[in-house]
Each structure stands twice: as structure tokens, then as C-alpha cells.
Amino acid sequence: MSSLALKDVYGDDFLLKRSSVYRQIRKCVLRAGYRFTHQAENYFNWPLMHLPWVLSEKRIPYRRNLLVIKAVAKRHGIPLKKILAAPVLVERNVLLHESAHCLAHEVFKKSKTTALKTFLKNRSESFLFEAYFGEACASSSECLLAMQASGRAKLPAEIYLNSYLKPEPAVLRALRDLRKQIGLQHLHELLIHYYFLVNVRTHKLTARQLRAIENAIGIELTASQIKSAQVLFAFAGALNPTFLEITNKLHFRLNGMTQDFVKTRARLKKNAANLPAILQPHVRQFTLQLAHTK
């Protein structure tokens, strides 16, 4: 078992071995001073509203779900694999998602550029920009985790029990194709930009927006690569609309923002074509620390 693994979390060791993204984010978050805890009942009852607690206390909560899986298997004399044929019934962990949020927070805190400071007009815009950057880093990392940890046919139970996102085969193929052609780091950066735009409620990626992202990253996609990229944007755009509308609005208000959430987000969306250049230094800083090598 890896020294990085949480022994009571189902699939943690498996994912550390199978995914460089999962492994590097674990190493980085520990180096940044974060620690893991299973004693955080309030978090499990309402995760998003406790993100500020995670960031301020540097504590990332997890469920000890492997303990109960083993207990049930022993009680009924059933192999673990049969129990996990229906993994949705077991309480999951989202350690990669929350760890990526933490790393994004550290990046945003330390590397605000002059362009970003000029662009953001008030505290509400800064709060929303950081929140969306964190969500984009987390969702993009989950996509890469699924790609690295999955077989060709289907997602393993380890993904179902450790991630919000469950890409279908067509999305996994698009991820693998682009990884082969533009490299893992550039793929990660492309996904972060996509998820940021989705969070500001950009429903369709225009040619101008895609070109702005390419210029910011320093890549030029071919026609076939753009087709794969469109598959990924469509998958990103399928994020839960209730989360994007109601939960985000409540999170905004409960954290002391007095400006109107919709108007604040609308200004970010209005400047969607300019966002990649402003966002990219932070995107690059996030991906560089992961030392993408494969």
C-alpha cells in the first residue's frame, strides 16, 4: 500500500497507483500543509457550504467507507467485488475534487496578476472568479482521473466511489486522443478553461472563444482535435444546472457577498473571450505543480 494512501478509503490506493493526476495532487496538497480527517460531520451534511472551513482549517474530510464495506462482506460472506457491483449504494469520497480546490486556492492566493487585479472590479467578482477557478481545477482533474484509471469498456467502482464525474466512453476516447496529441498538461489546461466557461454559464463554445483559449495555452488544434475538444466541452456543459444556479447563488450570499450573484456572473460571461488570457497564468501555475509527465 502506498504511504500516501488512506487505508480506510475504498479505492484510494488503487487510484494513487493508476493516476498520476490523483497521485500528484495528493503530494502537492500534503506539501501545502493540508491534512485529511474523517471527523467532519457538518461537511458531509452540506459539502459546498463547508468549503471555506476546508480552506481555512486546511482539513480535507473523508468517509471511512472501506470499513463498512468490509464489515458487510464479512457479515454476509460475500466477496467485496459482488458488493461493489452496485457502488452507487455506498457513500463516496471526493478527495481529489476537494484537494484540487485547495491547490487552486493556494495558487489564487499567491499569484494574482496585474491583469487579474485590473479586471476584477470588486470583492464579489474576486470571490466568484476564485470559486469558478477552483471548480474548474477540480472538475478537470476528475476528468483526467477517469481517463487514467478506467479501462476501455467501463469505469471501475473506484471512480464511482471517489468522483462526482463519470465520463461515458465517447468522452474517455476524446480525452485519450487529445492526451496523445497535445500532451497531458495542455489537455488539463484546456479542460480548466472549459469548466470555467461552463460555470459562468457559457452554453456554446464559439470559434473566437476556442481560439482565445488556444492562444492563451500556446497550442493550435487541428480540425480532428477540435472535434474531440467539442465532445469534451459538451460533457463539461452537462454539469448539474441546480448546482450552477441555486447552490452557487446561496454559497455566494452566505459568504458575505452583497452584490447580485446573477449580475456579477453576467459580467464574467460578457468578457468570456477575454477570460482565457487573464485566467491562463493561474491555470499554468496549477498544472505546473503537478509535474505532468504521462
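Our structure is the block above this text.
Residues numbered from 1 in each chain as written. Predicted model: local features only at pLDDT ≥ 70, side-chain atom pairs only at ≥ 80, totals over all residues. Heavy atoms only, no water.

A. Looking closely at empty space enclosed by the protein. Here the structure, examined in full by the defined rule, presents 1 cavity of 30 Å³ or more. Quantified by volume, the largest cavity comes out at close to 30 Å³. Lining the largest cavity are His 193, Phe 196, Leu 197, Ile 213, Leu 275, Pro 276 and Leu 279. Breaking the lining of the largest cavity down by element, the ones donating at least two residues are helix H12 (184-199) and helix H17 (275-288). Among the residues making up the lining of the largest cavity, the classes are represented as 6 nonpolar, 1 polar and no charged. (1 Å grid on protein atoms, 1.4 Å probe; cavity = no way out; pocket = protein on both sides within 12 Å on 5 of 7 lines; lining within 4 Å. Points joined across faces, edges and corners; volume = space filled by probe spheres on them. Helix = DSSP H or I, 4+ residues; strand = E, 2+ residues; numbered from the N terminus. Nonpolar A, V, L, I, M, F, W, Y, C, P; charged D, E, K, R; others polar.)

B. Here's a closer look at the nonpolar core. Grouped together as the largest cluster of nonpolar side chains are 89 residues, with contacts concentrated most on Phe 129, Phe 133, Leu 175 and Phe 286. Excluding its chain neighbours within four sequence positions, the residues that come into contact with Phe 286 are Ala 100, Leu 103, Ala 104, Val 107, Phe 133, Cys 137, Ser 141, His 188 and Ile 192. Counting residues in each nonpolar core, the second largest holds 9 residues, with Tyr 10, Ile 69, Ala 73 and Val 90 among its members. (Core = buried A, V, L, I, M, F, W, Y, C linked by side-chain atoms within 4.5 Å. Buried < 20%, exposed > 50% of the residue type's maximum accessible area, 1.4 Å probe, protein only. Contact = heavy atoms within 4.5 Å.)

C. The arrangement of the layout of surface pockets in detail. By volume, the largest pocket is sized at about 530 Å³. In terms of lining, the largest pocket is formed by 20 residues, of which the most central are His 97, Glu 135, Tyr 164, Asn 240 and Phe 243. Every element with two or more residues in the lining of the largest pocket is listed here: helix H7 (95-110), helix H9 (123-149) and helix H15 (241-254). Every residue lining the second largest pocket is counted, 21 residues in all, and those nearest its centre are Leu 55, His 105, Phe 127, Glu 130 and Ala 131. For the lining of the second largest pocket, the secondary-structure elements that each account for two or more residues are helix H4 (51-57), H7, H9 and H15. A total of 7 residues in the lining of the second largest pocket trace back to one element, the largest contributor, which is H9. For the lining of the second largest pocket, the class distribution of residues is 9 nonpolar, 7 polar and 5 charged.

D. How the structure looks around H17. Its 14 residues give H17 an end-to-end C-alpha distance of 20 Å, which sits within 8% of 20 Å, the value for a rise of 1.5 Å per residue. Within H17 the residues assigned to the buried category are Leu 275, Pro 276, Ile 278, Leu 279, Gln 280, His 282, Val 283, Phe 286 and Thr 287. Against the buried residues of H17 lie H7, helix H8 (114-119), H9, H12, helix H13 (207-217) and helix H16 (261-270). (Expected span 1.5 Å × (residues − 1).)

E. Inspection of the packing of H9 against H16 at higher detail. Where H9 contacts H16, the axes come no closer than 10 Å and their chain directions differ by 70°. Accordingly, the angle class assigned to the pair H9 and H16 is roughly perpendicular. For the crossing formed where H9 meets H16, the hand is right-handed. Facing Ser 124, Glu 125, Leu 128, Phe 129 and Tyr 132 of H9, the residues of H16 in contact are Phe 261, Thr 264, Arg 265, Arg 267 and Leu 268. For the contact of H9 with H16, a count of residues per class yields 5 nonpolar, 2 polar and 3 charged. (Axes fitted to C-alpha atoms, helices over the stretch in contact; angles between N-to-C directions. Parallel < 35°, antiparallel > 145°, perpendicular 65-115°, else oblique. Left-handed = near helix turned anticlockwise from the far one by under 90°.)

F. Representation of the packing of H12 against H17. Interhelical geometry of H12 versus H17 gives an angle of 130° and a closest axis separation of 10 Å. Considering their axes alone, H12 and H17 lie oblique with respect to each other. Judged by the twist between their axes, the crossing of H12 over H17 is right-handed. Between H12, through Gln 185, His 186, His 188, Glu 189, Ile 192, His 193, Phe 196 and Leu 197, and H17, the contact on the second element is made entirely by Leu 275, Pro 276, Leu 279, Gln 280, Val 283, Arg 284, Phe 286, Thr 287 and Leu 288. Of the residues assigned to the contact of H12 with H17, the class counts are 9 nonpolar, 6 polar and 2 charged.

G. Highlighting the environment of Leu 172. Turning to its location among the elements, Leu 172 is positioned in helix H11 (residues 169-182). With relative accessibility at 3%, the residue Leu 172 sits in the buried group. It is 8.2 Å that separates the C-alpha atoms of Leu 172 and Arg 152, two residues lying 20 residues apart in sequence. Leu 172 has contacts with Ala 146, Met 147, Ser 150, Leu 155 and Pro 167, leaving out every residue within four places of it along the chain.

H. Looking closely at the side chain of Ser 163. Here Ser 163 lies in the loop between helix H10 (157-160) and H11. Judged by its relative accessible area of 1%, Ser 163 is buried.

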